[in-house]
Amino acid sequence: GDIVLLAKPVTLTEGDRVTLTTDVPVATDGTSKPEKLLYAVSLPPVHGQIEHINYPSVPISSYRQLDVVVQKVSYVHDNSHGAGKESLR
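An unreviewed UniProt entry lists the chain under the name FREM1 protein, with Nyctibius bracteatus given as the organism.

### Describing the overall build of the chain
Each helix and strand in the chain was counted, giving 1 helix and 7 strands. Sequence-ordered secondary structure for the chain, helices as α and strands as β, is β-β-β-β-β-β-α-β. A buried classification covers 27% of the 89 residues belonging to the chain. Across the chain, contacts joining residues at least 24 apart in sequence account for 60% of those joining residues at least 6 apart. On the chain, roughly 6100 Å² of surface is accessible, and the fraction owed to carbon and sulfur atoms is 54%.

### Quick notes on the nonpolar core
Listed in full, the 9 residues of the largest apolar core are Val18, Leu20, Tyr39, Val41, Ile50, Tyr63, Val68, Val73 and Tyr75. Setting aside chain neighbours within four positions, we find Val73 in contact with Val18, Thr19, Leu20, Ile50, Glu51, Ile53, Ile60, Tyr63 and Asp67.

### Observations regarding a nonpolar patch on the surface
On the surface, Leu66, Val69 and Val70 cluster together into a nonpolar patch covering about 240 Å² of accessible area. Structurally, Leu66 is set in helix α1 (residues 65-69).

Definitions and limits used
- Residues numbered from 1 in each chain as written.
- Predicted model: local features only at pLDDT ≥ 70, side-chain atom pairs only at ≥ 80, totals over all residues.
- Heavy atoms only, no water.
- Helix = DSSP H or I, 4+ residues; strand = E, 2+ residues; numbered from the N terminus.
- Buried < 20%, exposed > 50% of the residue type's maximum accessible area, 1.4 Å probe, protein only.
- Contact = heavy atoms within 4.5 Å.
- Areas by Shrake-Rupley, 256 points an atom, 1.4 Å probe, with all protein chains shown as cover.
- Core = buried A, V, L, I, M, F, W, Y, C linked by side-chain atoms within 4.5 Å.
- Patch = residues over 30% accessible without salt bridge, like charges linked within 9 Å, V, L, I, M, F, W, Y side chains within 5 Å.
- Salt bridge = Lys/Arg side-chain N within 4 Å of Asp/Glu carboxyl O.

Set out below in structure tokens:
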């Protein structure tokens, strides 16, 4: 089936962390179990990393929708100077 992904922009300054919530990325695929959807980070962020909050400073390359629902995933800006807009793919 079709997958729908809705996303909202988040503004961060150097060193900031934002916890991903269903207000930022949320997806559905038409099944009755959206919490089992798997996000794969195909293009890692240039000026930071995606982390599981139980393992700070360790970048992850995938996470589940359930991790987002229970707020266990965050993006951490790496203090890069001159960082412009960045998107997660």
